[in-house]
Amino acid sequence: MKFSSALAFMAAAGAQAHYTFPKGYSTGAVSGEWEHIRTTENRYSHGPVQDVTSQAMTCYELNPGQGAPKTLSVAAGSNYTFTVDTSIGHPGPLHFYMAKVPAGNTAANFDGKGAVWFKIYQDGPSGLGTNSLKWPSDGKTEVSVRLPSCLASGEYLLRVEHIALHSASSVGGAQLYIACAQLNVTGGSGTLNTSGKLVSFPGAYKATDPGILFQLYWPLPTSYINPGPAVAACRRKEGSRKIGIMGRWRGDRG
Ligand SMILES: *[C@@H]1O[C@H](CO)[C@@H](O)[C@H](O)[C@H]1NC(C)=O
Ligand SMILES: *[C@@H]1O[C@H](CO)[C@@H](O)[C@H](O)[C@H]1NC(C)=O
Ligand SMILES: *[C@@H]1O[C@H](CO)[C@@H](O)[C@H](O)[C@H]1NC(C)=O
Ligand SMILES: [Cu+2]
């Protein structure tokens, strides 16, 4: 994309490009809307969270404390997919975090507060340093993550987060699109080591983190550093993916 058409794209990337994550599935049929995914505050507006210190950063819930009516059982090592209403209309990284529900709580009533979240996935762009930067989630109508086989079995919240960077060059300009699914993980080996990798939402991000306050267009970015902790992955023999674990993407040129 030429610089002039990049500017035209920025102007076109308006409110109509906002999105939500209302449905999900693992190996079975796609769920109904907000069935095991907590209804988000932007259910109708589709708008983003822009204050990374707000309580909305946890699960962006419309009715905190209410939970979703169902909890979906999923096998460790299988994929979980959120559907997107309508599609990932803005450029930026995709992250997935999980929180193990503490004893005495259920996925339906756990508030997700405290240093309980570990990151299981992050991605970065291709084409850094060129005028054809591309993010893996661009235009997607579904986003999937492989649930680590080394999770401990039990109930979890799975938090999807897409950070739109098209207006992120000023503080508070990044747009975060968030939702939490209530999952019951079965058959996990329980060896995942999350020591040193647990964060809270809000808390994990600052408005000035380099992956949040980011100039997407000009000068052409040559690296991207994902905000938040390193990915917590299974040991290699359990099938972890090494790509992106360091959380820094570099351009081929520049
Ligand atoms: C599972 O999700 C990953 C993304 O984490 C994706 O690359 C892969 O294609 C998915 N596998 C299936 C079978 O959908
Ligand atoms: C979670 O899965 C276990 C094992 O299949 C089952 O015993 C339990 O009832 C499930 N809990 C929920 C909330 O679905
Ligand atoms: C878990 O990770 C921490 C931090 O990297 C490390 O110090 C610790 O030895 C690990 N524990 C196990 C059981 O591997
Ligand atoms: Cu938007």
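As a reminder, the structure under discussion sits directly above these lines.
Residues numbered from 1 in each chain as written. Chains lettered and ligands numbered in written order. Predicted model: local features only at pLDDT ≥ 70, side-chain atom pairs only at ≥ 80, totals over all residues. Heavy atoms only, no water.

Peer 1: I'd like a description of the coordination of the copper ion (ligand 4), backed by residues and values.
Peer 2: Coordination of the copper ion (ligand 4) by the protein is provided by His18 (ND1), His90 (NE2) and Tyr177 (OH), with metal-donor distances spanning 1.8 to 2.7 Å. Between consecutive donor residues of the copper ion (ligand 4), the sequence gaps follow H-x71-H-x86-Y. With His18 in the loop between helix H1 (3-12) and strand S1 (24-25) and Tyr177 in strand S8 (residues 175-186), the pair connects residues that are 159 residues apart, well separated along the chain. For His18, a relative accessible area of 15% corresponds to the buried category. Looking at Tyr177, the relative accessible area reads 0%, which means it is buried. (Donors = N, O, S within 2.8 Å, 3.2 Å for Na, K, Ca; no water. Helix = DSSP H or I, 4+ residues; strand = E, 2+ residues; numbered from the N terminus. Buried < 20%, exposed > 50% of the residue type's maximum accessible area, 1.4 Å probe, protein only.)

Peer 1: Describe the nonpolar core, listing the residues and the values that go with them.
Peer 2: A general tendency of soluble globular proteins is for nonpolar side chains to be buried together. Residues Phe21, Phe82, Phe96, Leu147 and Leu158 are the most contacted members of the largest nonpolar core, which totals 33 residues. Counting residues per element, the ones that place at least two in this core are strand S3 (79-83), strand S4 (94-100), strand S5 (117-122), strand S6 (142-146), strand S7 (154-164) and S8. Not counting residues up to four positions away in its chain, the partners in contact with Phe96 are Phe82, Phe118, Lys119, Ile120, Tyr121, Val143, Ser144, Val145, Leu158, Arg159 and Val160. Val49, Tyr97, Ile163 and Leu176 belong to the second largest nonpolar core, which has 30 residues in total. (Core = buried A, V, L, I, M, F, W, Y, C linked by side-chain atoms within 4.5 Å. Contact = heavy atoms within 4.5 Å.)

Peer 1: An account of the sheet that holds S6 is needed here, citing residue identities and associated values.
Peer 2: Within the open sheet, the three strands sit side by side as S1-S3-S6. Their pairing is antiparallel. At either end of the open sheet lies a strand with only one pairing partner, and these are S1 and S6. (Pairing = 2+ DSSP bridges.)

Peer 1: Outline the pattern of salt bridges, supporting the account with residue identities and numerical values.
Peer 2: Oppositely charged side chains are able to pair whenever their charged atoms sit close together. Tallied over the entire structure, the rule returns five salt bridges. With a closest N to O distance of 3.7 Å, Lys70 and Glu35 form a salt bridge. With a gap of 35 residues between them, Lys70 in the loop between S1 and strand S2 (72-75) and Glu35 in the loop between S1 and S2 connect regions that are remote in the sequence. Residue Lys206 pairs with Asp209 through a salt bridge whose shortest N-O separation is 3.4 Å. (Salt bridge = Lys/Arg side-chain N within 4 Å of Asp/Glu carboxyl O.)

Peer 1: Describe in detail the pairing of S4, supporting the description with residues and values.
Peer 2: S4 sits mainly inside the fold: six of its seven residues count as buried. Pairing analysis gives seven bridges linking S4 to S7, with the strands arranged antiparallel. Bridging from a neighbouring strand, Phe96 pairs with Val160 of S7. Pairing of S4 with S5 involves five bridges; the strand directions are antiparallel. Bridge pairing links Met98 to Phe118 in S5.

Peer 1: I'd like a rundown of the pairing of S8, residues and numbers included.
Peer 2: For S8, the buried fraction is high: 10 of the 12 residues fall into the buried class. Judged from the four bridges that link them, S2 and S8 form a sheet pairing that is parallel. Bridge pairing in S8 links Val74 to Val185. Judged from the 11 bridges that link them, S7 and S8 form a sheet pairing that is antiparallel. When the sheet's bridge partners are listed, Glu155 is paired in S8 with Asn184.

Peer 1: Any details on the state of the cysteines? Residues and values, ideally.
Peer 2: Going through the model one piece at a time under the given rule, you end up with two disulfides. Linked covalently through their sulfurs, Cys59 and Cys180 form a disulfide whose S-S length is 2.0 Å. Across the disulfide from Cys59 to Cys180, rotation about the S-S bond amounts to roughly -85°, and the bridge is consequently left-handed. With Cys59 in the loop between S1 and S2 and Cys180 in strand S8, the pair connects residues that are 121 residues apart, well separated along the chain. When sorted by exposure, Cys59 lands in the same class as Cys180, which is buried. (Disulfide = S-S within 2.5 Å.)

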